[in-house]
Amino acid sequence: MWGSAGRASAVTLTWLFSGQRSNEIARLRLGCVRWQRDGDPVAGNSTQILARDAVCLLDVPAHKTGTAFTKPVDPLLGQAINAWQALRPSQPKRTDKRTGEQIDFLFSYRARTVSSGYINSTVIPMLCRKAGVPAVDARGSITSHRARSTIASQLYNAKVPMALFELQAWLGHRSPESTQHYAKISPNTLTKAYEDAGDFARNVRTIEVLVDRDAVASGAAAAGEPWQHYDLGHGYCTYTFFEQCQHRMACARCDFYTPKDSTRAQLLEAKGNLQKMAISIPLTEDEQAALTDGQNAIDELLGRLADTPTPAGPTPRQITAPGTAQLLPIVGVRQGKAAQA
C-alpha cells in the first residue's frame, strides 16, 4: 500500500515538474536524478546542501524526437524521486521497447512498469476529485500533455524567461517550430514587451495641468474664465483644447499664454484650491523628432508652424517681435506613463 502510494506521489510530481511526455515518464530509469553544486556532483542524501543551492538534473531517455539528454528540474521533483527510490523494492529488469535494452525502470513496482496511460487514467482523475474540479475546462479535457505545455509557457513568460532555443533544448524538441506551439506569450508578457520597446514613451508625453477648483465651483469657468492652466515650463496655457493645438510643443505665446514670471501667473500659483493633475499628450511624428533629434528638428518644426494660426488667431510670424521674442518648446514634459494625480 505504502509503495503504491509512494509511486503515485512521485509520478504525479514528475508529471507536474518534469515537462516530459507521459511515455517518457514511464520510461525513466532508476538513478535518473543527479545533483550538482557549482558544477560538482553532490550526493542525493546531502540534505544540508540540497535544500539551498544545489541544482537537480534529470536524465531523460531517448524519445520520439531525439536522443537521451539531461535537463535541470525543480528540486522538489528530485526530492520526490529520491523518496520513491528509498521505498522502491528491488525489481527485475525489463526491456525498453524503444531501445531494446534491459532497464531498471524507475516506476517499476511488483514486477510491472507504470503504463504510459497511467497519468490520464489514474493520476489526473484522482487529482481532480481531491481538488473538487472537473476534468474538463475551457481548453478541453485535462490530459497528460497539459502539464508539459503549461510549464513550457511559464518558463517562456517568466520574469527572466528562457529563450526559444533554450526552451527547445529543455523540452527535447528537434526543431524550434515544435517549441513555438508550446511557447504561448501571455498578455502580461506581451504588454511588458511593448512597453519596454518604448512605443508608449516615444508616442506619448505627460504634462501637468493646474485645475482652478474655485473657478469651477463658482461657475466662473462656465462664464468663460480660464480654469485649466497647462504647465509649459516657462509659462501656462489656458487653451481648453490644448491637446489639439499644433503649437503645443513650441508655444507661440498667443493670448492664451501667461509667462510664469508675470503677476498673473504668480497670483494663480498662490491660490489655495488648485488641483494638480497630469494628462497624456499623443505626439505627431514632427513633435517626436523635435524632442529626440535636437535643435535642427525643433527649428524645422518652428518653420513649418510659422504661418499656422494659433488658437487666438494670429500666426507665430505675426506674434513674434523681431529680435526680442523666441519660440520655445515645452520643457515641462515627462516621458513615460502619466503621473498620478
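Residues numbered from 1 in each chain as written. Predicted model: local features only at pLDDT ≥ 70, side-chain atom pairs only at ≥ 80, totals over all residues. Heavy atoms only, no water.

Draft legend 1. Focus on the confidence of the model for the chain. Of the residues in the chain, 82% reach a pLDDT of 70 or more, and the chain-wide mean stands at 81. Across residues 46-51, where pLDDT falls below 50, the model places eight contacts with residues more than four positions away in sequence or in other chains. The model gives residues 321-341 a pLDDT under 50, and that stretch makes 46 contacts with residues more than four places away or in other chains. (pLDDT = per-residue confidence, 0-100. Contact = heavy atoms within 4.5 Å.)

Draft legend 2. Representation of the pattern of salt bridges within the structure. Counted by the stated rule, this structure contains 10 salt bridges. Across the salt bridge formed by R317 and D307, the nearest N and O atoms sit 2.7 Å from each other. Placement of R317 in helix α15 (residues 316-319) and of D307 in the loop between α14 (295-305) and α15 is noted, with a sequence separation of 10 residues between them. Taking the relative accessible area as the measure of exposure, R317 reaches 54% and is therefore exposed. A cluster of three or more residues bridged by salt bridges with shared partners is formed by R27, R29, D96 and E101. (Salt bridge = Lys/Arg side-chain N within 4 Å of Asp/Glu carboxyl O. Helix = DSSP H or I, 4+ residues; strand = E, 2+ residues; numbered from the N terminus. Buried < 20%, exposed > 50% of the residue type's maximum accessible area, 1.4 Å probe, protein only.)

Draft legend 3. Fine view of the side chain of T310. Structurally, the position occupied by T310 is in the loop between α14 and α15. The buried category is assigned to T310, whose relative accessible area is 8%. When near neighbours in sequence (up to four residues on either side) are disregarded, T310 contacts H247, A252, C254, T315, P316 and I319.

Draft legend 4. Local environment of helix α7 (residues 164-171). Turning to α7, its buried residues are L164, L167, Q168, W170 and L171. Buried residues in α7, looked at end-on, bunch into an arc of 165 degrees, giving them a common side. Count one or two residues on from α7 and you reach G172, which has phi positive near 80 degrees. (Arc of directions from axis to C-beta.)

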